[in-house]
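Results of the structural survey
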Amino acid sequence: QVQLVESGGGLVQPGGSLRLSCAASGSIFSANPMGWYRQAPGKHRELVATMTSGGRRNYADSVKGRFNISRDNAKNTVYLQMNSLKPEDTAVYYCYAAVKKNRYTREYDYWGQGTQVTVSS
């Protein structure tokens, strides 16, 4: 069984910062990529950022220059540093990982339970 546990959400004023963390545990051979998606009320879940184990990053245009994704491969942990937050960043943020349980299987998608980020004055 694979589990993704997120932490770090909360309420922040516009222009503020938050840091999300997500630790993957269980039967993991590789978790690649890992990343973050978000879902605002009434909207579809959308990509925020992903990162491969080799360091390649991918960001949504709406967060480029404000958010930074990083990861600790040894700990199967991914982080999202969110700066200059805007009210439109308000959403539930979900951690994502494409996990192989051994070298012979394909990747399976796993999701965290979600953490609320609210940007409001």
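Report follows, based on the coordinates. (Residues numbered from 1 in each chain as written. Predicted model: local features only at pLDDT ≥ 70, side-chain atom pairs only at ≥ 80, totals over all residues. Heavy atoms only, no water.)

All right, on to the sheet that holds strand E1 (residues 2-7) then. Taken together, the four strands give an open sheet; going across it, the order is E1-E3-E8-E7, and neighbouring strands pair in antiparallel fashion. The sheet terminates laterally at E1 and strand E7 (67-72), the two strands that pair on one side only. Averaged over all neighbouring strand pairs, the angle between strand axes comes to 15°, with direction disregarded. (Pairing = 2+ DSSP bridges. Helix = DSSP H or I, 4+ residues; strand = E, 2+ residues; numbered from the N terminus. Axes fitted to C-alpha atoms, helices over the stretch in contact; angles between N-to-C directions.)

Let us now look at the pattern of salt bridges. The tally for this structure, following the rule as stated, stands at four salt bridges. Close ionic contact of Lys64 with Asp61 constitutes a salt bridge, the shortest N to O distance being 3.1 Å. Classification of Asp61 as exposed rests on a relative accessible area of 64%. (Salt bridge = Lys/Arg side-chain N within 4 Å of Asp/Glu carboxyl O. Buried < 20%, exposed > 50% of the residue type's maximum accessible area, 1.4 Å probe, protein only.)

Moving on to the packing of aromatic side chains. What characterises a pair of aromatic rings is the spacing of the ring centres plus the angle enclosed by the ring planes. Taken as a whole, this structure holds three aromatic pairs when the rule is applied. Arranged with centres 5.7 Å apart and planes meeting at 70°, the rings of Tyr37 and Tyr96 form a pair that is edge-to-face. With Tyr37 in strand E4 (residues 30-39) and Tyr96 in strand E9 (residues 91-100), the pair connects residues that are 59 residues apart, well separated along the chain. Classification of Tyr96 by relative accessible area gives buried; the value is 11%. Their ring planes at 70° and their centres at 5.1 Å tell us that Tyr37 and Trp111 sit as a pair that is edge-to-face. With Tyr37 in strand E4 and Trp111 in strand E10 (residues 108-111), this pair connects stretches of sequence that are 74 residues apart. Classification of Trp111 as partly exposed rests on a relative accessible area of 36%. (Phe/Tyr/Trp six-rings, centres within 6.5 Å; stacked < 30°, edge-to-face > 60°.)

Counting residues in each nonpolar core, the largest one holds 31 residues, and the members touching the most others are Trp36, Leu80, Met82 and Tyr93. Elements with a contribution of two residues or more to this core: E1, strand E3 (18-26), E4, strand E5 (46-51), E7, strand E8 (77-82), E9 and strand E11 (115-119). For this core, the element with the most residues is E9, which contributes five residues. Here Tyr93 is in contact with Glu6, Leu20, Trp36, Tyr37, Arg38, Val48, Phe67, Leu80, Met82, Gly114, Thr115 and Val117, once residues within four sequence places are set aside. (Core = buried A, V, L, I, M, F, W, Y, C linked by side-chain atoms within 4.5 Å. Contact = heavy atoms within 4.5 Å.)

Structural measurements only, silent on function.
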